[in-house]
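# Fold and contact review
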Amino acid sequence: MIGWQRGAILTSPRAASVLDTTELKASFIRVRGTVQGVGFRPFVYRLAQRYRLAGWVRNSSSGVEIHVEGPAPGMTAFLRELESAPPPAAEIATIETEDRAPSGLAAFEIESSGERRSPTARISPDLPVCAACLAELADPDDRRHRYPYVNCTDCGPRYSIVLALPYDRPLTTMREFVMCDRCAAEYEDPLNRRFHAQPNACPRCGPTFVLVEDGEERARAGAAIAAAVERLRQGRVLAVKGIGGYHLAADARCADTVGALRLRKGRREKPFALMVPSLEAARRLVELDAEAEALLTSMARPIVLAPAREVLDGVSPDNLDYGVMLPYAPLHVLLFEAGAPEVLLMTSANRSNEPIAYGDDDALRQLAGLADAFLIGERPIARRVDDSIAAVSALGQTVLRRSRGYAPAAVARLPSADFVLAVGADLKNTVTLVVGGDAYMSQHIGDLEQVEAMTAHRETIDDLTRMYAVDGRDLTIAHDLHPEYASTRHALTLESRRTVAVQHHRAHVASVVAERGALETRVLGVALDGTGYGDDGTIWGGEIFAGSVAAGFERIAHLRSVPLPGGDAAARHPVQAAAGFLAELDPPGLDAPPFSFPARYFEARKLVASGMRTFRTTSTGRLFDTVAALLGFCREVTFEGQAAIWLEHLARGGAATAASIAEPAFDGDELDFRVTLDALVEHRRRGDSTADLAGAFHRALARGLTETLAVLANEHGTRIVVLSGGVFQNRLLTRLVVDALLPLGLEPWGNRNTPSNDGGVSLGQAALALSGHGAAT
C-alpha cells in the first residue's frame, strides 16, 4: 500500500459547499496513462470547481488518484468530462472508479505525494510548442517575447529532460535554473497553465542560446539566433541543439552546401530530412493528403514521408519522396521568423551511422569539421532522442522510426504482473520494458554494429530500468534467437530471473497483434524482411505463420530457400545476392548489356558452386536486391535497404498497364519465385522498360503472396492477415497486397504505433516471452 505524505496542499477558495438537501455521492478514481506532467491535476482541480465538488487529486506511482464528492448531478458531469475532455497532451489508458462514503470535505485540494513502491506512471513524450506559447513568443509586450525556451504544461520537453521519477523539477535537467519570482508564482498557481510545468522559465531566470564559432562565443540570445540565420543564408552548415539532440542545418536549396555536407558526413546517398516553416510551405514542397497532413501536424510532429513536388539537388537521390517536418521547438519558429531559408535541411548531427550527438562537449568534439558554427542551448539534454519518421500507407498511418514525440509512451497493454525487458534486434534497435502490464518502448537507438550505438543501447536499458525502479532479479529478459547478435550477448550478461530467446520473425508478427491487444486472436502472420535467424539455423526473411500470441506461431510456409554467398556481404552487394537467387536458373550473358554484372557476381557464383561461405536463406529483402540488380542497380549499397528502395521508386515511374509477368507459385509450403525471375530476365533482354518491369515485379509478388494467403486462410480458419517486417515499408507493395486481400474477405493488420522494421521487434519479443513462447537460454 502506498504511504502518502500530505503537504504542499493547494486549496480552492471557491470550494464546494454541499447542500444537505441534495443527494451526496463520493468516488475514488484511479487514472492510468500519460497523466503526469501534462496539466492533468490542474485540469481536475478546475473541473471540480466548475461542478462545485470537494475532494483532492494527487500523483501516484501508477498515474493520478482522485477523491471527489458532492451532489449527484455534478459528480456525473465531472466523471463524464474527466474521460471525454482531458488536456491535449494527456493520454488516458484506464479510469477505475470505486464508490465511497462522502467524508464531508468542504474544499478541493491538489496534494503532493510520496512514493512507496516502483513507479508505473507513464512519462510524457516531448511535446511541440503550443498555440498559447507561440502567441507569447510573437507578442512584443509579453515577457517571453522571442524567448527560445517558452513552454507550459501543454507543451515543451518531457522525456528528454527527465532524470528520474516522479516527474518533478529537481529530477529534471532544469534543476540548475532557479525560477524567478514571477515564474515561481505561475508554477504554484493551479489556475495558471504553467502550474507545475517543470521546464518553466523566462529570459530572466532560464537558459538561452549561444553561437559558438571557431571555439569562441560570438553571440547570445536573440543575437545568436540572428547570427545563425545569417550563416545559414550564406550557405554554411550549422549544428543546432534541439529537444533531443543536435541537428546539422543548412539551406536545402543550395546544392553546393548539400553536396559539401554529404562529403563531410560520409552520407553518400541516404536522403536528408527537411524542415519547413508552415503547413502551406509543406504543401508546396510535397504532395499531402488529409491523412499525411494530420500526421505532420500531430502532437508527435514526426518527419513525414511524402511525394516530392520540387526537385532539390542532392537531398534525396534516386528517391521520389522527401521526409518533411514542421517546427516543433520555439527555436525553430524563431529561426524561420528571423529569415532562415524556407526549406532547411535538418539531419541528425552525427557522422554516418553513429548515434545523434546530444551533449554539448561531445557535439563540439564529434561535429568538428562537419559544422561551420554551433547554436548551443544551455538547457542540458538527459538522453538522446532522434526525430521520429512516419508515413501513410494502405494500412493507415504508421511509424517507421519511433522516437521524439512518441517515446517512451506505452505501445501495448500486456496483462501480467511480471517485469520483462526485451532488448530488440541489432538493426534499428529499440528496447521494451513491461511494468505493471504496460509495454514501454524506448526511443530509436540505432544499429548496434556501431560502438556508440551499443553504448547507447546499454545506457537506455539502464535508464529505463532505473527510472521504473526495476530490480534485475525480478526481470525476464527476452532477446533474439541469433546467438551472435550484440543485443543477445549483452542480454546474457544482465542480472535477471531468466532469459528467453524469441525468434525474429515471430516477434515481427507478435508486435502487430500486441499493439491491438488481440493476444488470443488467431491470425496468419506474414513477416518479410532482409534477415533473421531461423529455427533451423538458416537465414529467414520470407515467412508465413499461423497461430496467436497466446498459443504461439507455427511456421506454415516460406519463400523458396536459396544459397546466399558471403552471408552479410550479400546485403551490401545486390549482385552477390543475385548469384544465389539465380543459381538454379543460370541465365547466360549477364556480363553483357543490358545486365553488365560486375566480376563480383561471377566470384559469388563460384562460392555457390563450391558451397564455401554460403548459407541458405528465404530472404525477401535479398529477392528485391536480386531484381534491382537485374534492372540496373549493380553497385554497392551505401545504406540499409537502398536497392529495394530504388526498385520501389523505379516501379512508381512505370506504367500500371504494362504487361504482367508470372507470379511466384505456391507449392505445398513454399512460394517459388523462379518463374518470376526467369520472366524478368527475358523481358529485360527484349529491351522492356526497367520502370515497367519494376512495377510488374511488385504486382507479381503481390499476386503470388495474396493467392497463397487465401489458400492458407481457409486451411487454418482465420480471416485476419498480419503484415510486418521491413519489406512492408514499401508502400507500393503494401497497397498492392492490401488491395488484393480485401476483395477476398481477408482483413489486413499492420504495425501502427511501432515500426514494421526491426524497430518493432522488441515489443513482439516482450509479448511472446510473457506468453511463454521463448526458448530458455
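The structure displayed is predicted, hence computed values, not measured ones. (Residues numbered from 1 in each chain as written. Predicted model: local features only at pLDDT ≥ 70, side-chain atom pairs only at ≥ 80, totals over all residues. Heavy atoms only, no water.)

With that settled, consider the overall build of the protein. The number of helices and strands found in the protein is 22 helices and 33 strands. Along the three orthogonal principal directions, the C-alpha set of the protein runs to about 90 × 60 × 50 Å. Put simply, the protein has 777 residues, and 61% of those count as buried. Long-range pairs, those at least 24 residues apart, make up 72% of the contacts in the protein with a sequence separation of at least 6. Per element, the accessible surface of the protein, about 28500 Å² overall, is 49% carbon and sulfur. (Helix = DSSP H or I, 4+ residues; strand = E, 2+ residues; numbered from the N terminus. Buried < 20%, exposed > 50% of the residue type's maximum accessible area, 1.4 Å probe, protein only. Contact = heavy atoms within 4.5 Å. Areas by Shrake-Rupley, 256 points an atom, 1.4 Å probe, with all protein chains shown as cover.)

What follows concerns the sheet that holds strand E7 (residues 209–213). By definition, the strands of a sheet pair up through backbone hydrogen bonds, in either a parallel or an antiparallel sense. If you trace the 11 strands from one edge of the open sheet to the other, you get E8-E7-E15-E9-E10-E14-E11-E13-E12-E16-E17, paired in mixed fashion. Every interior strand has two partners, whereas the edge strands, strand E8 (216–220) and strand E17 (396–401), have only one. Averaged over all pairs of adjacent strands, the angle between their axes in this sheet comes to 35°, without regard to strand direction. Where helix H5 (residues 221–233) meets the sheet, its contacts fall on E7, E8, strand E9 (238–241), strand E10 (246–251), strand E14 (344–348) and strand E15 (373–377), and the angle it forms with E7 comes to roughly 45°. Lying over the sheet, helix H21 (residues 731–741) contacts strand E12 (303–307), strand E13 (321–325) and strand E16 (389–393), oriented at roughly 35° with respect to E16. (Pairing = 2+ DSSP bridges. Axes fitted to C-alpha atoms, helices over the stretch in contact; angles between N-to-C directions.)

A few words on the pattern of salt bridges. Opposite charge on two side chains makes pairing possible when the charged atoms of those side chains draw close. The full count for this structure, using the stated rule, is 51 salt bridges. Residue Asp438 is joined to Arg32 by a salt bridge in which the shortest nitrogen-to-oxygen separation is 2.8 Å. Taken as a pair, Asp438 in strand E21 (residues 438–441) and Arg32 in strand E2 (residues 24–34) lie far apart in primary sequence, 406 residues in all. Just as Asp438 is buried, Arg32 falls in that class too. Of the charged contacts, one joins Arg231 and Glu213 as a salt bridge, the two residues approaching to 2.9 Å between their closest N and O atoms. Of this pair, Arg231 sits in helix H5 while Glu213 sits in strand E7, and the two are 18 residues apart along the sequence. Judged by its relative accessible area of 13%, Arg231 is buried. Salt bridges sharing partners connect three or more residues here, namely Glu213, Asp214, Glu216, Arg218, Arg231, Arg236, Arg264 and Asp372. (Salt bridge = Lys/Arg side-chain N within 4 Å of Asp/Glu carboxyl O.)

With the rule as written, the count across this model stands at 12 aromatic pairs. Relative to Tyr468, the ring of Tyr440 lies with its centre 4.7 Å away and its plane at 20°, an arrangement referred to as stacked. Residue Tyr440 is located in strand E21, and its partner Tyr468 is located in the loop between helix H11 (451–467) and strand E22 (475–480); the two are separated by 28 residues in the primary sequence. For the pair formed by Tyr440 and Tyr468, the shared burial category is buried. Taken together through their ring pairs, the aromatic side chains of Phe595, Phe597, Tyr601 and Phe602 make up a single cluster. Directly above the aromatic system of Tyr159 lies the positively charged group of Arg383, at a separation of 4.6 Å from the ring centroid. (Phe/Tyr/Trp six-rings, centres within 6.5 Å; stacked < 30°, edge-to-face > 60°. Lys NZ or Arg CZ within 6 Å of the ring centre and 35° of its normal.)

Of all 11 residues making up helix H1 (residues 40–50), nine are buried, and the element is well covered by its neighbours. Buried residues of H1: Phe40, Arg41, Pro42, Phe43, Val44, Tyr45, Leu47, Ala48 and Gln49, and no others. Following H1 by one or two positions, Arg52 adopts a phi angle in the positive range, close to 50°.

Before going further, it helps to examine the pairing of E8. Strand direction decides the pairing type here: E7 and E8, joined by four bridges, are antiparallel. Note that in E8 the partner of Leu211 across the bridge is Ala219.

Once that is clear, we can look at the packing of helix H20 (residues 690–716) against H21. Pairs of packed helices are described in terms of their axes, by the angle between the two and the distance that separates them. Where H20 meets H21, the closest approach of the two axes is 9 Å, and the angle between their N-to-C directions is 40°. Between H20 and H21, the interaxial angle falls into the category oblique. Classified by chirality, the crossing of H21 by H20 is right-handed. Between H20, through His698, Arg699, Leu701, Ala702, Leu705, Thr706 and Leu709, and H21, the contact on the second element is made entirely by Leu732, Leu733, Leu736, Val737, Ala740 and Leu741. Class assignment of the residues belonging to the contact of H20 with H21 gives a composition of 10 nonpolar, two polar and one charged. (Parallel < 35°, antiparallel > 145°, perpendicular 65-115°, else oblique. Left-handed = near helix turned anticlockwise from the far one by under 90°. Nonpolar A, V, L, I, M, F, W, Y, C, P; charged D, E, K, R; others polar.)

With that settled, the discussion passes to unusual backbone geometry. Across the junction of Ala407 and Pro408, the peptide omega takes the value 5°, indicating a cis bond. Looking at the secondary structure, you find Pro408 in the loop between E17 and strand E18 (410–413). Here the bond from Pro593 into Pro594 is cis, since omega is 5°, no more than 30 degrees from zero. Secondary-structure assignment places Pro594 in the loop between helix H15 (574–581) and helix H16 (599–610). One non-glycine residue, Asp214, adopts positive backbone phi at about 55°. On the secondary structure map, Asp214 appears in the loop between E7 and E8.

In this section: the packing of H1 against helix H2 (residues 72–84). Two numbers describe how H1 lies on H2: the axes approach to 10 Å, and their chain directions differ by 150°. If you check the angle between H1 and H2, you find them roughly antiparallel. Every pair of crossing elements has a handedness; the one defined by H1 and H2 is right-handed. Of the residues in H2, those touching H1 at Phe40, Phe43, Val44, Leu47, Ala48 and Arg50 are Phe78, Glu81 and Leu82.

All right, on to the nonpolar core then. Val526, Phe597, Leu647, Leu677 and Leu705 are the most contacted members of the largest nonpolar core, which has 64 residues in total. Ranked by residue count, the leading element in this core is H20, at 12 residues. The contact partners of Leu705, leaving out residues within four places of it in the chain, are Val526, Leu528, Ile544, Leu671, Phe728 and Val737. Ranked by size, the runner-up nonpolar core spans 50 residues in total, among them Cys155, Leu211, Ala227 and Met275. (Core = buried A, V, L, I, M, F, W, Y, C linked by side-chain atoms within 4.5 Å.)

This part takes up the side chain of Arg401. Examined against the element boundaries, Arg401 turns out to sit in strand E17. We note that Arg401 is buried and unpaired, the nearest opposite charge coming from Asp386 at a distance of 4.4 Å. A polar contact of 2.9 Å, which involves the side chain of Arg401, links it to the backbone oxygen of Asp387. (Lys, Arg positive; Asp, Glu negative; His and termini not counted. Polar contact = N/O pair within 3.5 Å; in protein donor to acceptor, adjacent residues only side chain to side chain.)

A word on the confidence of the model for the protein. Considering every residue of the protein, the mean pLDDT works out to 93; 96% of them sit at 70 or more. Confidence drops under pLDDT 50 across residues 1–21; counting only partners more than four residues distant or on other chains, this segment forms 57 contacts. (pLDDT = per-residue confidence, 0-100.)

A word on the pairing of E17. Taken across its six residues, E17 has five buried, putting it largely inside the fold. Here E16 pairs with E17 via five bridges, running antiparallel. If you follow Ala390 over to E17, its bridge partner there is Val399. Here E16 hands over to E17 after two residues, the two strands then running antiparallel side by side.

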